[in-house]
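Below are the chains, spelled out letter by letter.
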Amino acid sequence: MNKCCYIHHWTEISLSSKDNKDLEDQLIIAYKKTSINYPKYYKMNSLCKLAWLALNRCLGINDDLDHYKGSDDIGTLFCNNSSSLVSDLPHAQVLNQKGGDVASPSVFVYTLPNIVNGEMAIYMKWHGYNEFLIIHEQSSTQFYNHVHLLFETTSIDQLLIGYVEVGNGTGLIEARMCLLDRNSVDGTMWSEEVAKRLILSSNK
Amino acid sequence: METDFVEDFKQKLIERLNIKHIDPKDIDIDAPIFGDGLGLDSIDALEIIVMLDDEYNIKFNNPDEAKHVFTSIRNIANYIETQQK
Amino acid sequence: MEGVFCHRGSIINGFADGLQHHWQNCLEGKSMLSPVVSPGEENGYTHSLTEGKWNSLREKYGPAYTKCALLCLEALLDTGFKADEHPPSLIIIASTKGDIDLLSVENAQSREAPFLLSNIGKQLRTYFQRQLDIITLSNACISGNQAILLGADYIKTGRYKHVYAVGVDLMSDFTFYGFKSFKAISSTPCKPFDIQRTGISLGEGAACLRLGSEPQPFEGLQSIAFTTGAVTNDANHISGPSRDGEGLVRAIIKCLELADYTPEAISLHGTGTIFNDEMESIAMSRTGLDKVPAFGLKGIYGHTLGAAGILETNLSLMAMCADAIPGTVGYETSGTSIPLNLSGEKFDIHYNTLMKTTSGFGGGNCVLFFKKIG
């Protein structure tokens, strides 16, 4: 029942952040190092910025990024524990401190975790499958099976899966991402072990 | 020529809209702010509406009302100044 | 692949219990929206639970549960969920913000904080004193539909015999003022597809749809099978739909190809914003479905976000059983460039197949197809 899918371009990013401003600064520095020109990056919240960096590292190996752009058959499956907390908190704080009438639309729009899928879709012109899972007492077995389910029931040829976690912007910030491919025969097979490695937070 | 008020407003706008990567000197205060000019979008338009309410006590009910004002940075700044008199 | 059938449905909000009562409401075209009471001016219309209703839920389940947990428990039990089902069932929870009203600076760092979306599932396990198989997904306003689609896939592939797709979201300051900053809140009850529409009305509640591999009449009325579904992305803008409805068009086309039939009725997303409703009309036109009898349900309970796809699917399934096309509450005159086959009044026609559409922030679209059996 569980078809094999091979993982490629395993990518990990790990940062340590003192506070939101520190995280923002680090993410801008990392962006500038990519030498990619994508001004929309500056509008994104930290969660999306981190995902963008991971995606570029993951798919940009061998300058391959354009090869993946414009596909309908690449799905995205992202996950974390805290959803969009890094934007939820500032939005909630404005409501508390200044009242609802001056809530910021550009903060509010990022108070959904699936905006990560949206931003990656815009960047890569991907029209395909997209999903955001909230994971906690991680069942890596469940996550492992879920990936197989998507390959069995959707038309995706490839699936970009990522654990992207920035919490409230302080402490350990991490992203792990890889591309699963239904058809290839080289690389590492998708397994419960790999699923565990992807979603298990180093923050205990 | 940029007055102090226009300059100050420009700075505030850069902060609000997360366009810090653009050098303020490169921002043409007479250029159209949406589309090809400064490249702002619909969320930015809403953000400017909130900013005008928050900082200058000027209220718009929806982006349509603001269309004739939101043409260039200088135009918005001038509008604010006239409202405040 | 196994067949997937709709067994039971529930809607839990400020109105009566029992899907039959909610359907009666829908049939009568009643709006359950009331003005938001806030200092100063009238700010919009919403549907919320009364304090009395919250208290009766707390009395029933215990005071320690959060609002989302209370709603999900009631929604699950109302569809006949039993924790000791054998083999175990799967619960798929769909929510955009969960118990976000519990977020504070003090608890923001905690990995066990009550506002976390994962805390809903955790409380279900506490209540039923069992491990429970639970998936929690958060994909904006398509979450509910997507939960149904995934649930159906889990059954189709033989992984589970029964799945409970439960969607939940609250009327919170967080969400209300967020949409207000987008100038997206209508100051009158929302008017889906209408020429005078100006925005959304928010609603809160939970809805659950129990799916199973055995054919069984939905709510004891009529066997309805889930046929197929699709999820796509506009890849255009994070908060506004594509002007040409590209993502929704692609999802519909995928379903048309897989289902091998054209739906005879459409339950639209219809939020009441200028952009969404216009986009949907264009998508219907581009896929040749603009003349198909259609309806939008958000005029009754408002936009219930994560619960919407499931709440509205449940009412749509009841509509299928009754061979009725509900009136679109709030709609009087067409205000989209392609007029759709909508009416403010209900009408009766015999039909066997239905399409349910949803679209959301982040560019997602999720479309589901259902068909009567026997």
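Residues numbered from 1 in each chain as written. Chains lettered and ligands numbered in written order. Predicted model: local features only at pLDDT ≥ 70, side-chain atom pairs only at ≥ 80, totals over all residues.

Visitor: Can you walk me through the overall build of chain A in this structure?
Guide: A count of helical and extended segments in chain A gives eight helices and six strands. Secondary structure elements of chain A, listed N to C terminal, follow the sequence β-α-α-α-β-α-α-α-β-α-β-β-β-α. Relative to the 2.2 N^0.38 estimate, which gives 17 Å for 204 residues, the radius of gyration of chain A is 17 Å and therefore close to what a compact globule would have. Considered along the principal axes of its C-alpha atoms, chain A spans approximately 55 × 40 × 30 Å. Within chain A, counting contacts between residues at least 6 apart in sequence, those at least 24 apart form 75% of the total. (Helix = DSSP H or I, 4+ residues; strand = E, 2+ residues; numbered from the N terminus. Rg over C-alpha atoms; globule rule 2.2 N^0.38 Å. Contact = placed C-beta atoms within 7 Å.)

Visitor: Looking at this structure, I do not really get the sheet that holds strand β7 (residues 202-203) of chain C. What am I missing?
Guide: Note on sheets: strands pair through backbone hydrogen bonds, and any given pair is parallel or antiparallel. All names here are of chain C. Read across the sheet, three strands follow the order β2-β3-β7 without closing on themselves; strand pairing throughout is mixed. Single-partner strands in this sheet number two, and they are β2 (34-35) and β7. Across two bridges, β2 lies against strand β3 (residues 45-47) in antiparallel orientation. Bridging across to β3, Ser-34 finds its partner in Thr-46. (Pairing = 2+ DSSP bridges.)

Visitor: What am I meant to see in the interface of chain A and chain C here?
Guide: Interface size is commonly expressed as the accessible surface area that is lost when the partners come together. Of the residues lining the interface, 41 residues belong to chain A; the matching set on chain C comes to 41 residues. Contributions of two or more residues to the side of chain A that touches chain C are made by α4 (85-98), α5 (105-108), α6 (115-124), β3 (130-134) and α7 (140-153) of chain A. Residue classes in the side of chain A that touches chain C are distributed as 19 nonpolar, 17 polar and five charged. In terms of strand pairing, β3(A) meets strand β5 (residues 133-137) of chain C through two bridges, oriented antiparallel. (Nonpolar A, V, L, I, M, F, W, Y, C, P; charged D, E, K, R; others polar.)

Visitor: Help me out: how do you make sense of the interface of chain C and chain B in this one?
Guide: On the side of chain B, six residues touch chain C, which itself brings five residues to the contact. Within the side of chain C that touches chain B, the residues separate by chemical class into one nonpolar, three polar and one charged.

Visitor: Please clarify how the pairing of strand β5 (residues 171-181) of chain A should be interpreted in this entry.
Guide: All names here are of chain A. Among the eleven residues in β5, nine count as buried, and that is most of the element. Taken together, the ten bridges between strand β1 (residues 6-17) and β5 define a ladder with antiparallel strand orientation. If you follow His-8 over to β5, its bridge partner there is Leu-179. Pairing of strand β4 (residues 158-165) with β5 involves eight bridges; the strand directions are antiparallel. The residue bridging Leu-160 from the neighbouring strand is Leu-179, located in β5. (Buried ≥ 20, exposed ≤ 12 C-beta atoms within 10 Å, placed from the backbone.)

Visitor: I tried to follow the confidence of the model for chain B on my own but got confused; where do I start?
Guide: Interpretation of this model should avoid reading the predicted coordinates in detail wherever pLDDT is low. All names here are of chain B. Averaged over every residue, the pLDDT of chain B is 85; the share at 70 or more is 96%. The least confident element of chain B is helix α3 (residues 63-66), whose mean pLDDT is 79; the most confident is helix α2 (residues 42-56), at 90. In the predicted assembly, ipTM is 0.97 and pTM is 0.96. (pLDDT = per-residue confidence, 0-100.)

Visitor: Sorry, what's going on with the pairing of strand β10 (residues 222-233) of chain C here?
Guide: Taken residue by residue, a regular strand's side chains alternate between the two faces of the sheet. All names here are of chain C. Where burial is concerned, most of β10 is hidden: nine out of the twelve residues are buried. In terms of strand pairing, strand β1 (residues 4-12) meets β10 through two bridges, oriented antiparallel. By the bridge assignment, Phe-5 is partnered in β10 with Ala-225. Pairing of strand β9 (residues 217-218) with β10 involves two bridges; the strand directions are antiparallel. Residue pairing for β10: Pro-217 is matched across the bridge by Ser-223. Counting the residues in the hairpin turn of β9 and β10 gives three residues, including Glu-219, whose phi is positive at 50°. Note: β10 against strand β16 (residues 364-372), nine bridges, orientation antiparallel. Note that in β16 the partner of Thr-228 across the bridge is Phe-369.

Visitor: Before we go on, may I ask you to explain the packing of helix α3 (residues 67-78) of chain C against helix α4 (residues 118-128) of chain C in this structure?
Guide: A pair of packed helices is characterised by two quantities: the angle between their axes and the separation of those axes. All names here are of chain C. The N-to-C vectors of α3 and α4 enclose an angle of 60°; their axes lie 9 Å apart at closest approach. Relative to α4, α3 is oriented oblique. Two packed elements cross with a definite hand, and for α3 against α4 that hand is right-handed. Seen from α3, the contacting residues are Cys-68, Ala-69, Cys-72 and Leu-73; seen from α4, they are Ile-120, Gln-123, Leu-124 and Tyr-127. Split by residue class, the contact of α3 with α4 holds seven nonpolar, one polar and no charged. (Axes fitted to C-alpha atoms, helices over the stretch in contact; angles between N-to-C directions. Parallel < 35°, antiparallel > 145°, perpendicular 65-115°, else oblique. Left-handed = near helix turned anticlockwise from the far one by under 90°.)

Visitor: Before we go on, may I ask you to explain helix α8 (residues 192-199) of chain A in this structure?
Guide: Note on helix geometry: an α-helix contains 3.6 residues per turn, so any two residues three or four positions apart are oriented the same way. Residue and element names in this part refer to chain A. The complete set of buried residues in α8 reads Val-194, Ala-195, Leu-198 and Ile-199. When α8 is viewed along its axis, its buried side chains cluster within an angular range of 120° and face the same direction. If you follow the buried residues of α8, they end up packed against β1, β2 (74-80), α7, β4, β5 and β6 (188-189). (Arc of directions from axis to C-beta.)

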